[in-house]
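# Descriptive structure summary
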Amino acid sequence: MKKKLILISILVCILVMSYIYFTTPRLFYWREFRKANGLIHKIEEYRKINGTLPSSLEEVGEEVSESGPIYYELLNNGEYKIWFGLRLGESMIYSSSNGKWE
């Protein structure tokens with residue numbers, strides 16, 4: 001009985017730790033996600049109206065700063081990416097080519 005309880009406890013701990021690990025960016029960086037998703041919307045509206053992507057975020061009415069926190073890059077193939085930093089050496093990157101955060 002004790003072994004079964006210990007095994008179930010370990011399994012529950014693994015599941016909880018996995019959930020926290022995979023949802024951490026959304027939980028702790030929700031402000032950045034909200035702002036970045038707003039920028040994505042502005043960029044797509046700009047593309048719809050002008051038929052091209054903005055060369056910088058200033059063209060969609062945003063201030064641009066080298067210190068971020070959110071960055072935009074226009075790619076050569078008519079796509080773009082937006083990203084912001086998480087922990088040291090880690091970023092969340094949105095790619096317009098697949099419409100997903102990675």
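The shown structure was predicted, so the numbers you read here are calculated from the model rather than taken from an experiment.

### So, the packing of aromatic side chains
Summed over all chains, the structure comprises seven aromatic pairs. Their ring planes at 90 degrees and their centres at 5.1 Å tell us that Phe 33 and Phe 84 sit as a pair that is edge-to-face. Of this pair, Phe 33 sits in helix α2 (residues 30–50) while Phe 84 is found in strand β2 (residues 80–85), placing the two residues 51 residues apart along the sequence. Relative accessible area serves as the criterion here: at 4%, Phe 33 is assigned to the buried category. The interplanar angle of 25 degrees and the centroid separation of 5.6 Å between the aromatic rings of Tyr 71 and Trp 83 together place this pair among those described as stacked. Placement of Tyr 71 in strand β1 (residues 70–74) and of Trp 83 in strand β2 is noted, with a sequence separation of 12 residues between them. Overall, Tyr 71 belongs to the partly exposed group, its relative accessible area being 26%. Exposure remark for Trp 83: the relative accessible area of 24% places this residue in the partly exposed category. Among the aromatic residues, ring-to-ring pairing joins Phe 33, Tyr 72, Tyr 80, Phe 84, Tyr 94 and Trp 101 into one connected group.

### With respect to the environment of Ile 8
Relative to the elements of secondary structure, Ile 8 occurs in helix α1 (residues 2–28). Owing to a relative accessible area of 45%, Ile 8 belongs among the partly exposed residues under this scheme. A sequence separation of 79 residues divides Ile 8 from Arg 87, and the C-alpha atoms of the two residues are 32 Å apart.

### Quick word on the sheet that holds β1
On the basis of which strands lie adjacent, the open sheet formed by four strands has the order β1-β2-β3-β4 and antiparallel pairing. Only two strands of the sheet have a single partner each, and these edge strands are β1 and β4 (100–101). Bridge count for β2 against strand β3 (residues 91–95) is five bridges, and the pairing is antiparallel. Counterpart to Phe 84 in the pairing with β3 is Met 92. Most of the contacts of α2 go to β2, to which it runs at about 165 degrees, and overall it touches β1, β2, β3 and β4.

### A few points about the side chain of Ser 96
For Ser 96, the location among the structural elements is in the loop between β3 and β4. Looking at Ser 96, the relative accessible area reads 14%, which means it is buried. In this structure the side chain of Ser 96 is engaged in a polar contact, spanning 2.7 Å, whose partner is the side chain of Glu 79. At 2.8 Å, the side chain of Ser 96 forms a polar contact with the backbone nitrogen of Tyr 80. Sequence-distant contacts of Ser 96, that is, excluding residues within four places in its chain, are made with Arg 47, Glu 79 and Tyr 80.

### Focus: the pattern of salt bridges
For the structure shown, the criterion picks out five salt bridges. The partner of Lys 48 in a salt bridge is Glu 45, and the shortest N-O contact between them spans 3.5 Å. A residue pair is termed a helical-turn pair when its members lie 3 or 4 positions apart in one helix, as Lys 48 and Glu 45 do in helix α2 at three residues. Classification of Lys 48 by relative accessible area gives exposed; the value is 65%. Among the residues examined, Glu 45 registers a relative accessible area of 31% and is labelled partly exposed.

Rules of the game
- All residue numbers refer to position in the chain's written sequence, counted from 1.
- With pLDDT at 70 or above as the cut-off, local features in this predicted model cover only qualifying residues; side-chain atom pairs require 80 or more to be listed or tallied, and sums for whole chains, interfaces and linings still use all residues.
- Side-chain numbers here rest on the full set of heavy atoms in the structure, without hydrogens or water.
- For Phe, Tyr and Trp, where Trp contributes only its six-membered ring, two rings pair if their centres lie within 6.5 Å, and the inter-plane angle classes them as stacked under 30 degrees, edge-to-face over 60, or tilted in between.
- Secondary structure counts use DSSP, requiring at least four H or I residues in a row for a helix and at least two E residues in a row for a strand, with both numbered from the N terminus.
- In this scheme, a residue with accessible area under 20% of its type's maximum is buried, one over 50% is exposed, and one in between is partly exposed, where area comes from a 1.4 Å probe on protein chains only.
- Two strands qualify as a pair provided that DSSP identifies no fewer than 2 bridges between them.
- Contacts are assigned to residue pairs that have any heavy atoms within 4.5 Å of one another.
- Inter-axis angles, ranging from 0 to 180 degrees, are taken between N-to-C directions of lines fitted to C-alpha atoms, where helices are fitted over the stretch in contact.
- Polar contacts, as counted here, are pairs of nitrogen or oxygen atoms within 3.5 Å of one another; within protein the pair requires one atom able to donate a hydrogen and one able to accept it, and residues that are adjacent in sequence qualify only if both atoms are side-chain atoms.
- Salt bridge, as applied in this entry: a Lys or Arg side-chain nitrogen positioned within 4 Å of an Asp or Glu carboxyl oxygen.

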